[in-house]
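Below, each chain spelled out in residue letters.
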There are 2 protein chains.
Amino acid sequence: MTWKAIGIFDSGVGGLTVLKEVEKALPQEDTIYLGDTARVPYGTKSPETVTRYSTEITSFLVSRDIKLLVVACNTASACALETLKKHFSIPIVGVIEPGARRAASVTRTGKVGVIGTEGTIRSSAYTKAIKRINPEIEVVTRACPLFVPLAEEGWIDNEVTRMVADIYLGGLKNQGVDTLVLGCTHYPILKKTIGESMGEGVQLVDSAEETARTVAEILRNSSLLRPASEKGNHHYFVTDVPAGFIKVGNRFLGGALGDVHQVSLEKEGTQVKP
Amino acid sequence: MTWKAIGIFDSGVGGLTVLKEVEKALPQEDTIYLGDTARVPYGTKSPETVTRYSTEITSFLVSRDIKLLVVACNTASACALETLKKHFSIPIVGVIEPGARRAASVTRTGKVGVIGTEGTIRSSAYTKAIKRINPEIEVVTRACPLFVPLAEEGWIDNEVTRMVADIYLGGLKNQGVDTLVLGCTHYPILKKTIGESMGEGVQLVDSAEETARTVAEILRNSSLLRPASEKGNHHYFVTDVPAGFIKVGNRFLGGALGDVHQVSLEKEGTQVKP
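A.B. asks: Can you tell me about the sheet that holds strand β8 (residues 203-206) of chain B, naming the residues and giving the values?
C.D. replies: Residue and element names in this part refer to chain B. Ordered by their spatial adjacency, four strands build an open sheet running β6-β5-β7-β8, and the pairing between neighbours is parallel. In the strand order of this sheet, the two ends are held by β6 (138-143) and β8, each with one partner. Strand-to-strand, the axes of this sheet are offset by a mean angle of 25 degrees, without reference to chain direction. Here five bridges tie strand β5 (residues 111-116) to strand β7 (residues 179-183), and the two strands are oriented parallel to one another. Counted as the bridge partner of I115 is L182 from β7.

See below:
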């Protein structure tokens, strides 16, 4: 059991920010990453469809014998986590709970902002999670659908992105939040612009780091950690042809992406294409 | 045969602009529309994946007994049309050929611009189609990935959209094209901004109208038109839950959208959900 890999999935490439933190925290662990690039994005789709896709992916990863699953996609964490926990017996970690915990611990004014995809914001998952930790905290949310395409277009330091950020974030800023949860794995790429738009004194919370900490804690508590002397291997699967994922993924991981294989999840009996 | 419906598909809601023109040209005809909302968008995905999705959809529509198929999605027309024509025996009409014909006929300077998704532009389908008609025409292309999310966000008359249009279209404008093909069914929604950015004297070509003309011509030549006295019915299918499609679709069709049903294409034996 100890030697099994950690499974991580996302709708596409964004979850690599979480993989990166898991790798940093636990360099001895193997990981298996799946990006559902043939059906990306999840953020605009219904909870039912996102749950169906997440279940298919979890079945695939569980069939490859993982010891823990990280749902690195915020939308999937918001919509599908409970269903996955009900249907699969391994520990499953989403990104919402860790992000919420972090936000609740860093806010001083008790006013927290959350941005994410339409699916994540509509689910109120962050609001519920933060209020479970501290019901006194006021949570202000805003869906930012253009941030993902802007990040994918590579318009990182760009006048258009600054203007879009000002439009999306103006309301949160005016309401005086002192902490902003980046509730989508793509958003850390736009961290600089988002930070400048929110202004100094607003702390940006990126779930990736806190999620990696949670993963390490669970494995440690269950005595499932590999010896620290080991060096983990990383395997990548995608549902569309790998070219686009490799290009953007290397940007995310600083060129360190290994082999990427295409799989089909839709037909009965998952097949790895040669 | 005459009484069968016309099948129309798109990755999502955009193809309704084509449906609207088909309905205007042939009000006596029944139509069956499928929007693949669970897997939208196609424009960022590989030709292989777009072809697989298009084949699944065509099988579904053919099983519902259509007399002609319109591939209303530019990306699917660019990537999958030849494969579909090889595998299915009904007449199949894409949107590239009609748009190319129109552009070739309206340009006076012989310099035509084409904008579309990454998939459409990468395929060079418009360039090839225009050059087949007139090899003398110079074709300048540009992928505009942010136009679809901007149209879906509803930022139609907006400073950000104007700025994005100026960035994307500046090069085409400088190269002096006098005709611009809107090579994506979402783009007509941004027609005003695109037109202003290109400046007066540049003619915008929207494939929808020309595609409807082609459909009418094929049916007339094959004696497959229903009597003009009839009134057609319109059926809609989507692959995600219908709510989002209904909302945006009514915006496209001016509130005239009928019942929308959800279907699953991914498992063997397509199922209509109750």
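Next comes the rest of the write-up.
A.B. asks: A description of the domain arrangement of chain A should follow, citing residues and the corresponding values.
C.D. replies: Residues and elements named next belong to chain A. Taken domain by domain, chain A holds domain 1 (5-94 + 209-272) and domain 2 (97-207). For domain 1 versus domain 2, the separation of C-alpha centres amounts to 23 Å. Elements with a minimum of two residues in the side of domain 1 that touches domain 2: α1 (16-25), α2 (47-63), α3 (74-87) and α10 (207-221). The leading source of residues in the side of domain 1 that touches domain 2 is α3, at five residues. Along the lines of polarity and charge, the residues of the side of domain 1 that touches domain 2 split into nine nonpolar, 11 polar and four charged.

A.B. asks: Tell me about the interface of chain A and chain B, and name the residues and values.
C.D. replies: Taken together, the contact between chain A and chain B spans 17 residues of the former and 17 residues of the latter. Where the side of chain A that touches chain B is concerned, the elements lending two or more residues are α2, α7 (147-153) and α8 (159-174) of chain A. Per element, the largest residue contribution to the side of chain A that touches chain B is four residues, and it comes from α8(A). For the side of chain A that touches chain B, the residue count by class is eight nonpolar, two polar and seven charged.

A.B. asks: Let's hear about the relation of the copies chain A and chain B: which residues, and what values?
C.D. replies: The two copies are related by a screw motion: chain A maps onto chain B through a turn of 180 degrees and a shift of 0.0 Å along the axis, at an RMSD of 0.0 Å. Seen this way, the second copy is the image of the first under a two-fold rotation axis. Among all C-alpha atoms of chain A, that of R39(A) lies closest to the rotation axis, at 2.4 Å. When the interface residues of chain A are mapped onto chain B, 100% of them again lie at the interface, so the same face is used by both copies.

A.B. asks: Describe the pairing of strand β2 (residues 31-35) of chain B, with residues and values.
C.D. replies: Residues and elements named next belong to chain B. Burial within β2 is extensive, with four of its five residues counted as buried. Where strand β1 (residues 5-10) meets β2, five bridges bridge the pair, whose relative direction is parallel. Pairing of I8 across the sheet is with Y33, part of β2. Note on the crossover from β1 through helix α1 (residues 16-25) to β2: the handedness is right-handed. Examined bridge by bridge, β2 and strand β9 (residues 234-238) share five bridges and lie parallel to one another. Bridge pairing in β9 links G35 to V238.

About the cut-offs
- Residues numbered from 1 in each chain as written.
- Chains lettered and ligands numbered in written order.
- Predicted model: local features only at pLDDT ≥ 70, side-chain atom pairs only at ≥ 80, totals over all residues.
- Pairing = 2+ DSSP bridges.
- Helix = DSSP H or I, 4+ residues; strand = E, 2+ residues; numbered from the N terminus.
- Axes fitted to C-alpha atoms, helices over the stretch in contact; angles between N-to-C directions.
- Domains from an automatic or database assignment.
- Nonpolar A, V, L, I, M, F, W, Y, C, P; charged D, E, K, R; others polar.
- Contact = placed C-beta atoms within 7 Å.
- Least-squares fit on C-alpha atoms with pLDDT ≥ 70 in both.
- Buried ≥ 20, exposed ≤ 12 C-beta atoms within 10 Å, placed from the backbone.
- Right-handed = clockwise from strand over helix to strand, strands pointing away.

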